[in-house]
Protein chains: 2
Amino acid sequence: MEVAEMEVEKIYELIKNRQYVQARNALIEYNEVDIADFFERLENKELIRIFRLLPKELSAEVFSYLPNELRLQMVESFSDREVSDIMNELFLDDTIDFLEEMPANVVRRVLSNANPKMRKLINQFLTYPEDSAGSLMTIEYVALKKDMTASQAMDIIRKTGVDKETINTCYVVSPRRELEGAISIRNLILAEPSQKIDSIMQPHVISVKTQDDQEQIAMLFRKYSLSAMPVVDNENRLVGIITIDDIVEVIEQENTEDMHKMAAIEPSEEEYLKTGSFVLARRRIIWLFVLMVSATFTGNIMRGYENVLAASAILASFIPMLMDTGGNAGSQSATLIIRGIALGQIASRDVFRVLLKELTVGFVAGIVLGAANFIKILLVDNMIFKANIPITLVWVVCLSVSLTVILSKVVGALLPLLANKVRLDPAIMASPIITTIVDAGALIIYFTLAVNFLGLFA
Amino acid sequence: MEVAEMEVEKIYELIKNRQYVQARNALIEYNEVDIADFFERLENKELIRIFRLLPKELSAEVFSYLPNELRLQMVESFSDREVSDIMNELFLDDTIDFLEEMPANVVRRVLSNANPKMRKLINQFLTYPEDSAGSLMTIEYVALKKDMTASQAMDIIRKTGVDKETINTCYVVSPRRELEGAISIRNLILAEPSQKIDSIMQPHVISVKTQDDQEQIAMLFRKYSLSAMPVVDNENRLVGIITIDDIVEVIEQENTEDMHKMAAIEPSEEEYLKTGSFVLARRRIIWLFVLMVSATFTGNIMRGYENVLAASAILASFIPMLMDTGGNAGSQSATLIIRGIALGQIASRDVFRVLLKELTVGFVAGIVLGAANFIKILLVDNMIFKANIPITLVWVVCLSVSLTVILSKVVGALLPLLANKVRLDPAIMASPIITTIVDAGALIIYFTLAVNFLGLFA
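Rules behind the numbers
- Residues numbered from 1 in each chain as written.
- Chains lettered and ligands numbered in written order.
- Predicted model: local features only at pLDDT ≥ 70, side-chain atom pairs only at ≥ 80, totals over all residues.
- Helix = DSSP H or I, 4+ residues; strand = E, 2+ residues; numbered from the N terminus.
- Rg over C-alpha atoms; globule rule 2.2 N^0.38 Å.
- Buried ≥ 20, exposed ≤ 12 C-beta atoms within 10 Å, placed from the backbone.
- Contact = placed C-beta atoms within 7 Å.
- Least-squares fit on C-alpha atoms with pLDDT ≥ 70 in both.
- Pairing = 2+ DSSP bridges.
- Axes fitted to C-alpha atoms, helices over the stretch in contact; angles between N-to-C directions.
- Domains from an automatic or database assignment.
- pLDDT = per-residue confidence, 0-100.
- Nonpolar A, V, L, I, M, F, W, Y, C, P; charged D, E, K, R; others polar.
- Arc of directions from axis to C-beta.
- Left-handed = near helix turned anticlockwise from the far one by under 90°.
- Parallel < 35°, antiparallel > 145°, perpendicular 65-115°, else oblique.

Further remarks concern the overall build of chain A. A count of helices and strands for chain A gives 22 helices and six strands. In summary, chain A has a C-alpha radius of gyration of 31 Å against a globular reference of 23 Å for 458 residues, an excess of more than 25%. By its C-alpha atoms, chain A is 90 × 60 × 40 Å across when sized along the principal axes. Expressed as a percentage of its 458 residues, the buried residues of chain A come to 45%. For chain A, restricting intrachain contacts to residue pairs at least 6 apart in sequence, the fraction spanning at least 24 positions comes to 70%.

What follows is the structure, encoded as structure tokens:
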């Protein structure tokens, strides 16, 4: 249940009347996400006052859901002690997320208020590349030993579990902290108290390394339906865990990034409405410019057929349809292949199967669309609008449509596979680039057929 | 750790030598997903033999990860008893997933082997609409009562937990099964054994109704970082739970669907390589046809300017660049808005903020691209290629680029918002449709300017 409107107004009223304790008592009934939403409506002074009244753990949770601007303001109003209290309560991954977005003076202040061990950890985590397992993981996991009994393990969880990001999966490590297995809290609870961890743990644990890429990690989470995954260093020592809530964010981020790239936009994680117009413009102009210049070469092809166009101006009127159909046909193939690669369903080695499929699709679609055009020109343009388009030209147009569709399907499917092969992101080989390439092909096909069939001279 | 190649070969060898028990003992060390992967390589007879040797619970888990064709073959080889054993071990949501994909005779056979209570449940679940909470949920959850103590609750979990999809979150229900709260296993373990559930549960639980749409549910999972969510009926009675692993699938499905729609493909959950070419062709031809016919109207605009084109054939050579730039500029805006709406970051009420941003972006990008074109034509076309394009035409082309970009940004941003407003999926208002509309606008702008500035007569 989300914070119902009425409740919000009631709590708001309490705050206005300076009944802060009552407001706090009403608020703590709700989810930390809803409390964070509510805080965004308050003035800074009220916010700080209520925030200070929250239980420590809850206040840290709420803090991790607040937007960066607000967190920055809050940290500036806090005493050093308060800053250090919040950082101690936050899970390490949330601390890192926060610090990555803060200006240098805030980072310095947080670091100077952290104890030496924490400072070292933060500094280490800040060096992991963005999008790597290291930058996603947190260190608050439950570590058990093989020779413990189930009841000893439960005691450890009771003692330390409150500070862990999850206790649903616990990890078994050797004295040198090498990852040896995993055990779910379910199996621990269901086990006989005297059973050794060794005999109930799952020994083959799916793990990733600190430098592994988040997209690959998300794929493993999906494949194995995981809710948490251990991260190890190059010596197989357990250094952290990644939890599913962060992976859900990663999946949405990766999808957004792909969609942006597919539309020739420099990708960004920033929300549209929170981004300035000039930043938005900058992220789009570069590709628009590159594509515009490329498209002028298509224009050059037409300039080569200036005489043909002058002799039969009606030729030009079919160009938009031809270019758009080619572009659309190519984008369809490119999108299917790019998405298939992203989901791990298509690999570079499938190139011949893909080619065969797209050729077939191209032939079928090409013939259907060519025929549809034929009927449309004769029935609509010539009979209804009396356009008097000569039958040879109709044949040229329809044949061009068919050949363009086949070409587009093949180009649209092959370019993303090629990009993948040479380790570029296939998502850049989407509609905008495919359209530019296919346009040129469509015009060459069209004018070549026109010159040969209509007896026009280039 | 995934099944290493060597191990696979070793287990394979054991099976070839008919050492089935040893093969089984080696296999059960691995994750059910990897065992399912391994099974796909076996012949049907071997597969059935090994499958029968697996522990019941594991065999059901492996079964839920096998592809449909294989499951169909297996069910046909199984005795009625075996079918009913597997169905009893499967979680209800996996049973439903399986039955939804099976032919009617298999469904009948499964139903006739289920006990009456199960049969009723299956029939009920099969009626929930696809993409609804009802079709995603499962009934294997832990239900507790308010007046239990923490230790009584733990006893219940020990007794029934093995058959539950998750015990990480347990739900508190009234005697009439109304949802009253939720409690995490962590809080149960950390609580004093004598504490009442009432005092440790979270009373404000985020829940959904059986008929709620999966896209909305996925958004709630993301917003609240949930790992499970209760599903209630219209009387707030708990009827099931949805777990995060199914939501991860939903998120990828929804993203795939959006990308397909954005590329004018009829969306499908089927994998590309597993889909026949004719089915692939059918899913694409409909939109290609609609867009092709729409694009012929753009051609009609050109036909209206036949005399202009005949008088100055060089005019035509700028059309591809103009159309492509307009299409790309519009797609960029459309993609950003469609994605923003999908992530819940942009709503219909933001229309004026969006319009203002896109107008600004359009002006900036329009002027930059117009100016770039100006320089390019003078420097490259006229100076290097000696194309002798008259300066008035250069002005017409560049002004057309600027105006087209502004128009495209506005159209690209407004159409998805409009679609959202009238409850259509904004994803259909993407590149293909925007391109078709913007092409027409670009040509009208271009020819109008050409007629007026160049003194050509339409």
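Now that the structure has been shown, the text picks up again.
With that settled, the discussion passes to unusual backbone geometry. For R18 of chain A, which is not glycine, the phi dihedral falls at a positive 60°. By the secondary structure assignment, R18 of chain A is in the loop between α1 (5-16) and α2 (20-27). For R423 of chain B, which is not a glycine, the phi torsion comes out positive at approximately 60°. By secondary structure assignment, the location of R423 of chain B is in the loop between α21 (391-421) and α22 (431-454).

Before going further, it helps to examine the relation of the copies chain A and chain B. Between chain A and chain B, the superposition needs a rotation of 180° and an axial shift of 0.0 Å, giving an RMSD of 0.1 Å. The superposition operator between the copies reduces to a two-fold rotation axis. Among all C-alpha atoms of chain A, that of A310 of chain A lies closest to the rotation axis, at 2.4 Å. Of all interface residues in chain A, 100% are interface residues in chain B too; the two copies therefore contact each other through one and the same surface.

The next thing to look at is the environment of M292 of chain A. Looking at the element boundaries, M292 of chain A is found in helix α17 (residues 277-304). Look at M292 of chain A and you get buried, because 23 C-beta atoms sit within 10 Å. Spatially, the C-alpha atoms of M292 of chain A and C170 of chain A are 55 Å apart, while their sequence positions differ by 122 residues. Sequence-distant contacts of M292 of chain A, defined by excluding residues within four places in its chain, comprise M321, T325, L369 and N373 of chain B.

Residues and elements named next belong to chain B. Pairing in this open sheet of three strands is mixed, and the strands run β4-β5-β6 from one edge to the other. This sheet does not close on itself; its edge strands, each paired only once, are β4 (208-209) and β6 (238-243). Across five bridges, the pairing between strand β5 (residues 228-232) and β6 is antiparallel. Bridging across to β6, P230 finds its partner in I241. Sitting on the sheet, helix α15 (residues 214-223) is in contact with β4, β5 and β6, with an inclination near 140° to β5. Strand contacts of helix α16 (residues 244-262): β5 and β6, with the helix running at about 65° to β6, the strand carrying the most contacts.

All names here are of chain B. Across the sheet, three strands lie side by side as β1-β2-β3; this open sheet has mixed pairing. In this open sheet, the two edge strands, each paired with only one partner strand, are β1 (143-144) and β3 (179-184). As paired strands, strand β2 (residues 169-173) and β3 are joined by five bridges and run antiparallel to one another. Residue pairing in the sheet places C170 in a bridge with I183 of β3.

Attention shifts here to the pairing of strand β3 (residues 179-184) of chain A. Within β3 of chain A, five of the six residues are buried, which leaves it mostly tucked inside the rest of the structure. Remark: five residues form the turn of the hairpin made by strand β2 (residues 169-173) of chain A and β3 of chain A, two consecutive strands paired antiparallel; R177 of chain A in that turn has positive phi of roughly 65°.

All right, on to the domain arrangement of chain A then. By the assigned domains, chain A splits into domain 1 (5-130), domain 2 (143-249) and domain 3 (272-454). For domain 1 of chain A versus domain 2 of chain A, the separation of C-alpha centres amounts to 29 Å.

Moving on to the confidence of the model for chain A. Residue and element names in this part refer to chain A. Averaged over all residues, the pLDDT of chain A is 90; the fraction at 70 or higher stands at 98%. Here α1 is the element of chain A with the lowest mean pLDDT, 81, and helix α21 (residues 391-421) is the one with the highest, 96. Scoring the predicted complex yields pTM 0.87 and, for the interface, ipTM 0.86.

Here we take up the interface of chain A and chain B. Across the boundary between the two partners, chain A contributes 101 residues, which contact 102 residues of chain B. In terms of residue count, α17 of chain A provides more of the side of chain A that touches chain B than any other element does, 17 residues in total. Partitioning the side of chain A that touches chain B into residue classes produces 55 nonpolar, 27 polar and 19 charged.

Once that is clear, we can look at α2 of chain A. Of all the residues in α2 of chain A, the buried ones are A23, R24 and L27 of chain A. Projected down its long axis, α2 of chain A carries its buried residues within an arc of 100°, all on one side.

This part covers the pairing of strand β5 (residues 228-232) of chain A. Residues and elements named next belong to chain A. Of all five residues in β5, five are buried; the element is thus mostly enclosed. Burial of β5 is two-sided: the residues A228, P230 and V232 facing one way and the residues M229 and V231 facing the other way are all buried. Direction of pairing for strand β4 (residues 208-209) relative to β5: parallel, over a ladder of two bridges. Residue K209 lies in a different strand from β5, and its bridge partner there is V232. Following β5, the chain reverses through five residues before pairing antiparallel with strand β6 (residues 238-243); N236 in that reversal takes a positive phi of roughly 65°.

To continue, consider the packing of helix α8 (residues 92-101) of chain B against helix α10 (residues 116-126) of chain B. Residues and elements named next belong to chain B. Where α8 contacts α10, the two axes come as close as 10 Å, and the packing angle between them is 65°. For the element pair α8 and α10, the recorded crossing hand is right-handed. Contacts between α8 and α10 involve L92, T95, I96 and L99 from the first element and L121, I122, F125 and L126 from the second. Each residue belonging to the contact of α8 with α10 can be placed in one class, and the counts come to seven nonpolar, one polar and no charged.

As a further point, take helix α4 (residues 44-53) of chain B. Residues and elements named next belong to chain B. Buried within α4 are the following residues: L47, I50 and F51. For α4, the arc enclosing every buried residue in end-on projection is 105°, short of the 170-degree limit, so these residues lie on one face. Seen from the buried face of α4, the exposed residues on the opposite side, beyond 90 degrees, are K45 and R52.

Our next topic: the packing of helix α20 (residues 351-384) of chain B against α21 of chain B. All names here are of chain B. The N-to-C vectors of α20 and α21 enclose an angle of 155°; their axes lie 8 Å apart at closest approach. Between α20 and α21, the interaxial angle falls into the category roughly antiparallel. Crossing hand, α20 versus α21: right-handed. Split into classes, the residues belonging to the contact of α20 with α21 amount to 24 nonpolar, five polar and two charged.

As a further point, take the environment of I139 of chain B. Residues and elements named next belong to chain B. By the secondary structure assignment, I139 is in the loop between α11 (133-136) and β1. What makes I139 partly exposed here is the crowd of 16 C-beta atoms within 10 Å. Each C-alpha atom, one on I139 and one on D37, is 27 Å from the other, the two residues being 102 residues apart in sequence. Setting aside anything within four residues of it in sequence, one finds I139 in contact with L92, L121 and G240.

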